[in-house]
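For reference, the chains in residue letters:
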Amino acid sequence: MAVPSKGRMAEDTIQLLKDCQLSVYKPNPRQYIASISQMPGLEVWFQRASDVVRKLMYGDVDLGIVGYDMYAEIAHGDSGLIVLHDSLGFGKCHLGLGIPTGGKWADINSIDDLRRMPEWNETNPLRVVTGYHNVARKFFSEQGFEHVVLLSADGALEAAPLMGTADIILDLVSTGVTLRENNLKEIEGGRIVDSQGVLVANKRALREQPGLLAVVHELIERLEAHLKAENYYSVVANMRGSSPGEVAHNILSSDGLRGLQGPTITPVYSMDPDSNGSGAAESPSLYSATICVPKKRLYKSIKDLRAIGGSGVLVQPMTYIFDEEPERWQKVLAALDIDIGDPLLASLEP
Ligand SMILES: Nc1ncnc2c1ncn2[C@@H]1O[C@H](COP(=O)(O)OP(=O)(O)OP(=O)(O)O)[C@@H](O)[C@H]1O
Ligand SMILES: O=P(O)(O)OC[C@H]1O[C@H](OP(=O)(O)OP(=O)(O)O)[C@H](O)[C@@H]1O
Ligand SMILES: [Mg+2]
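Residues numbered from 1 in each chain as written. Chains lettered and ligands numbered in written order. Predicted model: local features only at pLDDT ≥ 70, side-chain atom pairs only at ≥ 80, totals over all residues. Heavy atoms only, no water.

- Looking at an unreviewed UniProt entry, one finds the protein named ATP phosphoribosyltransferase, with Coccomyxa subellipsoidea as its source organism.

## Notes on the overall build of the protein
Stage number 1. From N to C terminus, the protein includes 12 helices and 17 strands.
Stage number 2. Computed over C-alpha atoms, the radius of gyration of the protein comes to 27 Å, more than 25% over the 20 Å expected from 2.2 N^0.38 for 350 residues, which places it beyond the range of a compact globule.
Stage number 3. C-alpha atoms of the protein, sized along the principal axes, occupy 100 × 55 × 40 Å.
Stage number 4. Counting across all 350 residues of the protein, residues that qualify as buried make up 42%.
Stage number 5. Of all intrachain contacts in the protein linking residues separated by at least 6 positions in sequence, the fraction that spans at least 24 positions is 70%.
Stage number 6. As displayed, the protein offers around 18400 Å² of accessible surface, 49% of which is attributable to carbon and sulfur atoms.
Stage number 7. Positive and negative charge centroids in the protein, built from 33 and 45 side chains respectively, lie 5 Å apart. (Helix = DSSP H or I, 4+ residues; strand = E, 2+ residues; numbered from the N terminus. Rg over C-alpha atoms; globule rule 2.2 N^0.38 Å. Buried < 20%, exposed > 50% of the residue type's maximum accessible area, 1.4 Å probe, protein only. Contact = heavy atoms within 4.5 Å. Areas by Shrake-Rupley, 256 points an atom, 1.4 Å probe, with all protein chains shown as cover. Lys, Arg positive; Asp, Glu negative; His and termini not counted. Charge placed at Lys NZ, Arg CZ, Asp CG, Glu CD.)

## With respect to the site of ligand 2
Stage number 1. For ligand 2, the full set of nearby residues is Arg8, Gly155, Ala156, Glu158, Asp171, Leu172, Val173, Ser174, Thr175, Gly176, Val177 and Thr178.
Stage number 2. Glu158 is positioned with one of its side-chain polar atoms (N or O) 2.7 Å from an oxygen atom of ligand 2.
Stage number 3. In the model, an oxygen atom of ligand 2 is placed 2.8 Å from a nitrogen or oxygen of the Gly176 main chain.
Stage number 4. Where the shell around ligand 2 is concerned, the elements lending two or more residues are β10 (168-173) and α7 (177-181). (Near = heavy atom within 4 Å. Polar contact = N/O pair within 3.5 Å; in protein donor to acceptor, adjacent residues only side chain to side chain.)

## Overview of the packing of helix α9 (residues 212-229) against helix α12 (residues 327-335)
Stage number 1. The interhelical angle for the contact between α9 and α12, taken along N-to-C directions, is 150 degrees, at an axis separation of 9 Å. One element, α9, and the other, α12, form an angle in the roughly antiparallel class. Crossing of α9 over α12 shows right-handed handedness. Between α9 and α12, the residues in contact are Leu213, Val216, His217, Ile220 and Glu224 and Arg328, Trp329 and Val332, respectively.
Stage number 2. Each residue belonging to the contact of α9 with α12 can be placed in one class, and the counts come to five nonpolar, one polar and two charged. (Axes fitted to C-alpha atoms, helices over the stretch in contact; angles between N-to-C directions. Parallel < 35°, antiparallel > 145°, perpendicular 65-115°, else oblique. Left-handed = near helix turned anticlockwise from the far one by under 90°. Nonpolar A, V, L, I, M, F, W, Y, C, P; charged D, E, K, R; others polar.)

## Digging into the site of ligand 1
Stage number 1. As a structural note, the neighbourhood of ligand 1 is formed by Lys6, Gly7, Arg8, Met9, Arg48, Gly67, Asp69, Met70, Gly91, Cys93, Leu172 and Ser174.
Stage number 2. Between ligand 1 and Arg48 there is a distance of 3.3 Å, counted from an oxygen atom to a side-chain nitrogen or oxygen.
Stage number 3. Surface burial for ligand 1 is 70%, taken as the share of its 610 Å² of free accessible area covered by protein chains.
Stage number 4. For the shell around ligand 1, the secondary structure elements donating two or more residues are α1 (8-19) and α3 (68-74).
Stage number 5. In terms of residue class, the shell around ligand 1 is made up of four nonpolar, four polar and four charged.
Stage number 6. Domain assignment of the residues forming the shell around ligand 1 places at least three in each of domain 1 (2-91 + 196-229) and domain 2 (93-194). (Domains from an automatic or database assignment.)

## A short note on the sheet that holds strand β15 (residues 264-271)
Stage number 1. Spatial strand order, β15-β16-β14-β17: four strands in an open sheet with antiparallel pairing. On the outer flanks of this sheet lie β15 and β17 (310-317), each paired with one strand and no other. Each strand axis lies, on average, 25 degrees off the axis of its neighbour in the sheet, ignoring direction.
Stage number 2. Here nine bridges tie strand β14 (residues 232-240) to strand β16 (residues 280-294), and the two strands are oriented antiparallel to one another. Opposite Val235, over in β16, you have Ile291 as the bridge partner. (Pairing = 2+ DSSP bridges.)

## Re the domain arrangement of the protein
Think of interface size as the accessible area that goes away when the parts come together; that is how it is often given.
Stage number 1. Under the domain assignment used here, the protein contains domain 1 (2-91 + 196-229), domain 2 (93-194) and domain 3 (232-317).
Stage number 2. When each unit is reduced to the centre of its C-alpha atoms, the spacing between domain 1 and domain 2 is 31 Å.
Stage number 3. Each partner contributes residues to the interface: domain 1 has six residues there, and domain 2 has 11 residues.
Stage number 4. Approximately 730 Å² of surface area, both sides summed, lies buried where domain 1 meets domain 2, with 57% of it carried by carbon and sulfur atoms.
Stage number 5. The largest per-residue losses of area from domain 1 upon contact with domain 2 belong to Asp69, Glu73 and His76, which jointly make up 69% of the total buried on that side. (Buried area = accessible area lost by both parts, 1.4 Å probe.)

## Regarding the pattern of salt bridges
Stage number 1. Scanning the entire structure with this criterion turns up 16 salt bridges.
Stage number 2. One salt bridge connects Glu224 with Arg328, and the closest N-O pair in it is separated by 2.6 Å. Remark: Arg328 occurs in helix α12 and Glu224 occurs in helix α9; sequence separation between them is 104 residues.
Stage number 3. On the accessibility criterion, Arg328 (22% relative accessible area) is partly exposed. (Salt bridge = Lys/Arg side-chain N within 4 Å of Asp/Glu carboxyl O.)

## Thoughts on the nonpolar core
A general tendency of soluble globular proteins is for nonpolar side chains to be buried together.
Stage number 1. In this structure, Met1, Leu63, Leu84, Leu206 and Leu219 are the most contacted members of the largest nonpolar core, which totals 38 residues.
Stage number 2. Among the elements that line this core, the one with the most residues is α9, at eight residues.
Stage number 3. Ignoring sequence-local partners within four residues, the contact set of Met1 consists of Leu17, Ile36, Leu42, Glu43, Val44, Trp45, Leu63, Gly64, Ile65, Leu199 and Leu219.
Stage number 4. If you look at the next biggest cluster of nonpolar residues, it comprises 22 residues, including Ala72, Met117, Val128 and Ile187. (Core = buried A, V, L, I, M, F, W, Y, C linked by side-chain atoms within 4.5 Å.)

## Comments concerning the packing of aromatic side chains
Stage number 1. All told, the structure shown has five aromatic pairs when counted by the stated rule.
Stage number 2. Here Phe139 and Phe140 contribute two aromatic rings whose centre-to-centre distance is 5.3 Å and whose plane-to-plane angle is 75 degrees, an arrangement assigned as edge-to-face.
Stage number 3. Put simply, the rings of Phe139, Phe140 and Phe145 touch in pairs and so form one group of aromatic residues.
Stage number 4. Note that Lys26 overlies the ring of Phe46, its terminal NZ or CZ placed 4.7 Å from the centroid.
Stage number 5. The lysine or arginine in question, Lys295, covers the ring of Tyr233, its NZ or CZ lying 5.4 Å from the ring centre. (Phe/Tyr/Trp six-rings, centres within 6.5 Å; stacked < 30°, edge-to-face > 60°. Lys NZ or Arg CZ within 6 Å of the ring centre and 35° of its normal.)

Below you can see the structure in the form of structure tokens.
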């Protein structure tokens, strides 16, 4: 598996693997090979983000973690690769057009406005500077532009319109600060590709490399369990009620409190007043309920719990949620046309 060796993606990739208990061990900072002790059969190679994609295409590596924008540009239409996980949760940005805000561009607010500008013709094409020529060519062709020329630059593209070396830019946008600080704007229809970290594989390797599918299965399981858990809290509350069933009914009747499957209800014990302090007895009217709550709904869930007799609410972050077989794994098998009984999956036997 190849991972980015530098830049903003490198740290996030290593952190994500660490969060999945797959810490990367790189003994020598100037060597580019590393290992993951929990996956002894897997070599980890540090490569520039762009080379991660190239080496996947050449079959030099079987798996790679990279930004989707890089994959879309360099593996442009290469059917030999497959995105195993498309939302690793970091490196979020998008490829978009940056248009000047002033002068003749002041009223250009959509891709249609841009295409209709009378200036563009054979001798005076729209000059677009970008590092993503494949993405740009496909986009402008699909949008029906006839007179466009693509110029190259590796960075600081936002300076080009002011320098007069290009009319507009096509570049990565995250917060939009760089565009704004250079008097550039985005336009309706100009957001081209959304991007974040993705896990990509070489399809042929998946079919031919012994044991690779087992590694992929485990990677997807771990990633899914961690990424899903990041969106939830585990909430434990003391609930007043005459029976576990009544408490469960009250919780299930309250929208947003159902959790993943439903509440877990257990009795709360207190000292038995009739046992002169020597015994404990189930409280007749208090139960403990545990549910998973989406982080975005935490405070509303606390209020809802209180409204149905909740108190003493404990909130804990979730580390992993191992659900049924991840849907992404099923999609990978379907994309590879591999049935559950395929000998390739033999190494996955529990
Ligand atoms: N604001 C951003 N600007 C650029 N890349 C971003 C941004 N946000 C996320 N990314 C992701 O990070 C990747 C760039 O990673 P990296 O930092 O390794 O490249 P880079 O440092 O821009 O490379 P170079 O040194 O050639 O400019 C992009 O492909 C994209 O997936
Ligand atoms: O929307 P923002 O949050 O401002 O981020 C987008 C900017 O970040 C990247 O540049 P980078 O910092 O990688 O420098 P570079 O242009 O030299 O690649 C990208 O090329 C944009 O210029
Ligand atoms: Mg950059």
